[in-house]
Amino acid sequence: MLHINPSAFSAEDPTPAAGSLAFAILEQDKTKNAFTTARTLVVLRGLPGSGKSFLARAIAEAYKDQCSIICADDHNVKPGSADGYKAFDDAIVAKSSGETSPVLIVVDDTNHTHDRLAHLRGIAKQHRLVAVFLEPLTEWRRDTAQLTKKTKRGIEQAKLEAMKKLHVEMSIPLYFGWFLFYTVQDQVRETATKFLKTLEVLESFKKHIISGKEEAKEVDLEQYFKAKGTLHCTTKFTDYGKAEGAKEYTDKQVVQDLYGSVSDLSLSALFITPRTVGARVSLSEDQLQLWPADAEKEAESEVPGAGALPLGSRAHVTLGCADGVQPVQTGFDLLQIIMLQKDGQQGEQVDIDPGTLTYYGEGRWYLALKEPISATACFSSIYKPPAPGLLFRKDSFLSCELL
Ligand code: 2AM
C-alpha cells in the first residue's frame, strides 16, 4: 500500500485523485524492492498539466534518496520545440552514467514524440538501465480544455491538440515484454555461451553439425549466432499500433495494472536450431495474464498445429540469430520443437551437466535444464529509432547492440 507524505508536495499540488497513483512501481512490494537495486529510467510522458510532476514527486517520495528527478522545465526545454534538449539530455546522461548515480532516474517531460521516446530508451540501454514509460492516470490527462487551464505554461488549446495527436499515436510502443535486468542478462548470456561451447565439442553434436551434414566438422557457434539487443521475452508485438490487436492489448486492464511490475521469469530450457538460439520461458499463472490469447494461433502459418498448444508455449528469450534471420523466428523454432515433443518424438538423448539434451533432427537441439534459471525482469515496452543510428555498436557474440 502506498503512503504518501503530504509534506513532500508543494502547496500547489492537488490532493491525488483516487487511483491516480495506482502504478506497480509505487504499489507493489516486489517491484519496489527490485527497483531499489536495479538501475531504472522512468520516462514520464504526458501533455502539459496532466500531472507528470506530481507523479514524479510521488515516485521521489516513495524511493527517497535513491531517486533523482530531471525536469524539462529546469533546462529551458519548451513543449513541442526541439530547443533546449542538449543540456537536458546531458543532465540525463550525467545522472545515468555516474557510478554514484541514483538507482531510479525520473525524466519529467512531455515525451510525446517517437524521437524522444526512442532517444531516451537508447540512453537507458547505453547505460544499462531498465526503461519504463509512464503516463499520469489523472482523469483530465487528455482533455485539452482542462489542460489549458491546468498548465502553468500558458499553452493554447490548439497547440495542445497537436501534441495530443502525437502523444496518442505514441501510446502504443513497438512491443511489450519482460525485460531482463542487466545483471541477469549477463548471467544468462554467460550460461548460453557455456551451452554453445559444450555443444561445439560434443561428439553427437559434431556428428549432426548445424548444417545437418553427417560428417564431423568444426563449428564456431559464437560466431554463427549474432546477438539481438536487450534480452527480453516479448508478450505482444504491437508495432506502434499497426499490428493486429495492438490497441486492444495496450488497453487491457491487466496490461495497465502490471505495466512496470517486476517478476521472476523461469527459463526452463535452452535450444538451438540452424536459425536461432533461445531460452524457453515457463510462465507462471500471474505472468500468463499478460500473454495474448492468440500468440500461439498467430504462429499457425509458420508452425501448423501451434494454435492448439497451451497458452504461453511460444514464450522465449531470443539469445542470438544466424545471419539474416529475424528474432521472431526463435518463437517459431521453439513451437516446432514443442510440436515434436507433443507428437511423442523421443529424439536422441544425451545427458550433460546442466540437464538432458535432445536432438530432434534438422539441426534442432533442446536442453531441458535440471535447474531452471530464475531471471528477474520488468514488464515494460520498447520504442526504437526507425533505423540503427549514431549510437550503434556491435561487440562479440551475445553482447548487446546499443539500439
Ligand atoms: P522475440 O525475439 O521475442 O521473438 C522486435 O522486433 C522484437 O519483437 C523481436 O525481438 C521479436 O521478439 C519480436 N517480434 C518481431 N516481430 C514479431 C511478430 N510478428 N510477432 C511477435 N513478436 C515479434
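Residues numbered from 1 in each chain as written. Predicted model: local features only at pLDDT ≥ 70, side-chain atom pairs only at ≥ 80, totals over all residues. Heavy atoms only, no water.

Visitor: Which residues make up the side chain of threonine 138, and what values go with them?
Guide: Positionally, threonine 138 belongs in the loop between strand S4 (130–134) and helix H6 (144–150). A polar atom in the side chain of threonine 138 sits 2.5 Å from the backbone oxygen of serine 50. With residues up to four places along the chain from it excluded, the contact list for threonine 138 reads Ser20 and Ser50. (Helix = DSSP H or I, 4+ residues; strand = E, 2+ residues; numbered from the N terminus. Polar contact = N/O pair within 3.5 Å; in protein donor to acceptor, adjacent residues only side chain to side chain. Contact = heavy atoms within 4.5 Å.)

Visitor: Explain helix H4 (residues 85–97) to me, and be specific about the residues and the numbers.
Guide: In this model, H4 (13 residues) spans 18 Å end to end at C-alpha, consistent with the 18 Å of a helix rising 1.5 Å per residue. Residues of H4 that are buried include every one of Tyr85, Phe88, Asp89, Ile92 and Ser96, and no others. In a view along the axis of H4, the buried residues occupy a sector of 95°, so they form one face of it. For H4, exposure combined with an orientation more than 90 degrees from the buried face picks out Lys86 and Ala94. Packing partners of the buried residues in H4 comprise strand S1 (40–44), strand S2 (67–71), strand S3 (104–108) and helix H5 (114–126). (Expected span 1.5 Å × (residues − 1). Buried < 20%, exposed > 50% of the residue type's maximum accessible area, 1.4 Å probe, protein only. Arc of directions from axis to C-beta.)

Visitor: Go over the site of the ligand with me, naming the residues and quoting the values.
Guide: Around the ligand sit Tyr175, His232, Thr234, Phe237, Arg314, His316, Thr318, Pro327 and Val328, and those are all the residues in its vicinity. Taking proline 327, its main chain carries an N or O atom lying 3.2 Å from an oxygen atom of the ligand. In isolation the ligand exposes 470 Å². Once the protein is present, 77% of that is buried. If one sorts the elements of the shell around the ligand by residue count, strand S7 (residues 232–237) sits on top with 3 residues. For the shell around the ligand, the per-class residue count stands at 4 nonpolar, 4 polar and 1 charged. (Near = heavy atom within 4 Å. Areas by Shrake-Rupley, 256 points an atom, 1.4 Å probe, with all protein chains shown as cover. Nonpolar A, V, L, I, M, F, W, Y, C, P; charged D, E, K, R; others polar.)

Visitor: Any chance you could break down the pattern of salt bridges for me, citing the residues and the numbers?
Guide: Tallied over the entire structure, the rule returns 18 salt bridges. A salt bridge links lysine 64 to glutamate 61, with the shortest nitrogen-to-oxygen separation between them at 3.7 Å. Overall, glutamate 61 belongs to the buried group, its relative accessible area being 13%. Residue arginine 364 pairs with glutamate 362 through a salt bridge whose shortest N-O separation is 3.9 Å. Through salt bridges with shared partners, a single ionic network connects Arg45, Glu135, Arg141 and Arg142. (Salt bridge = Lys/Arg side-chain N within 4 Å of Asp/Glu carboxyl O.)

Visitor: For the packing of aromatic side chains, give the residues involved together with the corresponding values.
Guide: Under the definition given, this model contains 13 aromatic pairs. Geometrically, the ring pair formed by phenylalanine 176 and tyrosine 259 is edge-to-face, given 6.3 Å between the ring centres and 90° between the ring planes. In this pair, phenylalanine 176 sits in strand S5 (residues 175–180) while tyrosine 259 sits in the loop between helix H12 (253–258) and strand S8 (262–272), placing the two residues 83 residues apart along the sequence. As far as burial versus exposure is concerned, phenylalanine 176 and tyrosine 259 are alike and both buried. Ring centres 4.9 Å apart and planes at 90° place the aromatic pair tyrosine 224 and phenylalanine 225 in the edge-to-face group. Residue class for phenylalanine 225 comes out buried when judged on its relative accessible area of 0%. An aromatic cluster is built from Phe176, Trp178, Tyr249, Tyr259 and Phe379, whose rings are joined through pairwise contacts. The ring of tryptophan 140 is capped by lysine 150, whose NZ or CZ atom sits 4.2 Å from the centre of that ring. (Phe/Tyr/Trp six-rings, centres within 6.5 Å; stacked < 30°, edge-to-face > 60°. Lys NZ or Arg CZ within 6 Å of the ring centre and 35° of its normal.)

Visitor: Could you give an account of unusual backbone geometry, naming the residues involved and the relevant values?
Guide: Within the chain, asparagine 76 stands out as a residue other than glycine whose phi angle is a positive 60°. Here asparagine 76 shows up in the loop between S2 and H4. Taking the relative accessible area as the measure of exposure, asparagine 76 reaches 54% and is therefore exposed. At glutamate 362, a position not held by glycine, the phi torsion is positive, near 50°. Here glutamate 362 is to be found in the loop between strand S12 (355–359) and strand S13 (365–382).

Visitor: Please give an account of the nonpolar core that cites residues and values.
Guide: Membership of the largest hydrophobic core comes to 94 residues, with the highest contact counts inside it found for Ile59, Leu134, Leu265 and Ile272. By residue number, the principal contributor to this core is S13, which donates 9 residues. Of the domains in this structure, domain 1 (6–171) and domain 2 (180–228 + 263–377) are the two that each give at least three residues to this core. (Core = buried A, V, L, I, M, F, W, Y, C linked by side-chain atoms within 4.5 Å. Domains from an automatic or database assignment.)

Visitor: Now, about the environment of serine 301: what can you tell me, with residues and values included?
Guide: Counting through the fold element by element, serine 301 comes out in the loop between helix H13 (285–288) and strand S10 (316–322). Once the C-alpha coordinates of serine 301 and phenylalanine 332 are considered, the two residues, 31 residues apart in sequence, prove to be 9.9 Å apart.

Visitor: Residues and numbers for the confidence of the model for the chain, please.
Guide: In the predicted model, the chain carries a mean pLDDT of 89, and 89% of its residues have values of at least 70. For residues 389–403, every residue scores under 50 in pLDDT, and the model assigns this stretch 36 contacts once sequence neighbours within four places are set aside. (pLDDT = per-residue confidence, 0-100.)

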